Amino acid sequence: MNLIAIYLYPVKSLGGILLMEATAEKRGLVYDRRWMLTDADGVFLSQRELPEMALLQPSIENGHLVIRHRGKPLEPLPIPLDPTSYGEPLTVTVWDDTCAAVHVSEAADDWFCEALNSPCHLVYMPDDSVRPIDPDYAQPDDLVSFADGYPFLIIGEASMAYLNSQLEPPLSIRRFRPNFVFSGNVPHEEDEWKSFSIGSVRFRGTKPCGRCQIPTIDPETSIQGKEPSATLAKYRRFGHKINFGMNVCLGGAPGIVRVGEEVVVEEENGI
C-alpha cells in the first residue's frame, strides 16, 4: 500500500489543498484547520450552516494564506501565515469544546461576510491553545486543531471505489475531506488499524469516523443532495452513525509524509 494523496484544510470547512508532502504534528498537518469562522458568540461555523463555504478555496502563496471565492468576483483575501499581526485573544467553541483563539482582523471578517452573505469572524488557534481529543480515545499530550475531533483522517482508495460502484454518477473522495488517501484492495480495512506508518512517521488509529451531512454537499457547486449518505446508510450504519474513514492521531515523533511513500500496518492489528 502507498500514500496516494494528501489534503490540507487550513480554514475549517473551506476547500482543501492537494499536496505532495506535508509535516505531521501532534495537532495535525501543519496549518491544518488552524483558522476557523465563528458567529458573533464565538461558535464555529461550517458547511452545515453555510454550504457556500465549500466554494471558498484557500492556497498558500508567498507567506500568506490566500482565500478565493470560486463563484463570486471578489478580490482574493491574503492572510499572513505569521500570526504576530493578528488581533485580540478570545474564546471560541467547537462542538462541546471551548478553547483559546485570536481574532485575525476586521478586514478578514468583512471579506468573509461579503463572500458568504452572513456575519462571521475569522479566528486562529495559536500554539499555546490546548484542545484535547475525546478522553475515551486519548493518550497523554494528544491535541487537535479546530478539526471536528481528531488530528487526521485516512480513507482507503478501495473504500471509495466500493461506494462508487453503487452510485451513479460516482463521487469524488473530496466529499469526505480526508487528510490521507492510500492505495489498497480491501474496502474499509482502515477501520481495524491500530498502529501504522507512512514512510517513517507513525500514526495511531482511534475510531472510525461518524459522518454528518457535509459529504452530501457538492464541493464544486455547494448544492446539497441525498448522496452518498443514502447509499452508505444501507451498509455502513453502526447504531446511529454512518462510518466512513478512520480518525487518526500521531503515534510517534512529528515528521514529513510524502505521496508515494509506503503505508505499513503493524502486525499486531491482525491485518
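All chains use their own residue numbering, which begins from 1 and follows the written sequence. In keeping with the predicted nature of the model, local features appear solely for residues at pLDDT of at least 70, side-chain atom pairs appear and are counted solely at 80 or more, and the whole-chain, interface and lining totals rest on all residues. Calculated side-chain values reflect all of the structure's heavy atoms, with hydrogen atoms and water omitted.

Trainee: Provide a residue-level description of the overall build of the protein, including the pertinent values.
Mentor: Secondary structure summary: the protein contains three helices and 19 strands in total. We compute the radius of gyration over the C-alpha atoms and compare it with the globule rule, which gives 2.2 Å times the number of residues raised to the power 0.38. Here the protein has a C-alpha radius of gyration of 18 Å; the compact-globule value for 271 residues is 18 Å, and the two agree. When the backbone C-alpha atoms are referred to their principal axes, the protein occupies close to 50 × 40 × 35 Å. Throughout this description, buried means an accessible area under 20% of the type-specific maximum (1.4 Å probe, protein chains only), exposed means over 50%, and partly exposed covers the range between. Taking all 271 residues of the protein together, 52% fall into the buried category. Any pair of residues with heavy atoms lying within 4.5 Å of one another is described as a contacting pair. Once local pairs closer than 6 in sequence are excluded, the contacts in the protein between residues at least 24 apart make up 68%. Comment: elements are numbered from the N terminus, with helices defined as DSSP H or I runs of at least four residues and strands as E runs of at least two.

Trainee: Can you tell me about the sheet that holds strand β7 (residues 64-69), naming the residues and giving the values?
Mentor: To summarise the sheet geometry, strands pair through backbone hydrogen bonds and adopt either a parallel or an antiparallel arrangement. Note on pairing: two strands pair once DSSP finds at least 2 bridges between them. Strands sit in the order β6-β7-β8 across an open sheet of three strands; the sheet is antiparallel. The strands lining the two open edges of the sheet, one partner per strand, are β6 (56-61) and β8 (77-80). The sheet shows a mean angle of 25° between the axes of neighbouring strands, taken without regard to direction. Here β7 runs beside β8; their pairing, made up of four bridges, is antiparallel. Pairing of His 64 across the sheet is with Pro 80, part of β8. Every axis in this analysis is a line fitted to C-alpha atoms, fitted for helices over the stretch in contact. Angles between the N-to-C directions lie between 0 and 180 degrees. On the sheet, helix α1 (residues 106-116) packs against β6, β7 and β8 and is oriented at approximately 25° with respect to β7.

Trainee: Which residues make up the pattern of salt bridges, and what values do they have?
Mentor: Basic side-chain nitrogens of Lys or Arg form a salt bridge, by our definition, when they fall within 4 Å of a carboxyl oxygen of Asp or Glu. Evaluated as defined, the whole model comprises 15 salt bridges. In this structure, Glu 220 and Arg 70 form a salt bridge, with 3.6 Å as the shortest nitrogen-oxygen distance. On the criterion of sequence distance, the pair formed by Glu 220 in the loop between β15 (201-210) and α3 (229-235) and Arg 70 in the loop between β7 and β8 is long-range, its members being 150 residues apart. With a relative accessible area of 45%, Glu 220 lands in the partly exposed category. Judged by relative accessible area, which is 36%, Arg 70 ranks as partly exposed. Of the charged contacts, one joins Asp 191 and Arg 236 as a salt bridge, the two residues approaching to 2.6 Å between their closest N and O atoms.

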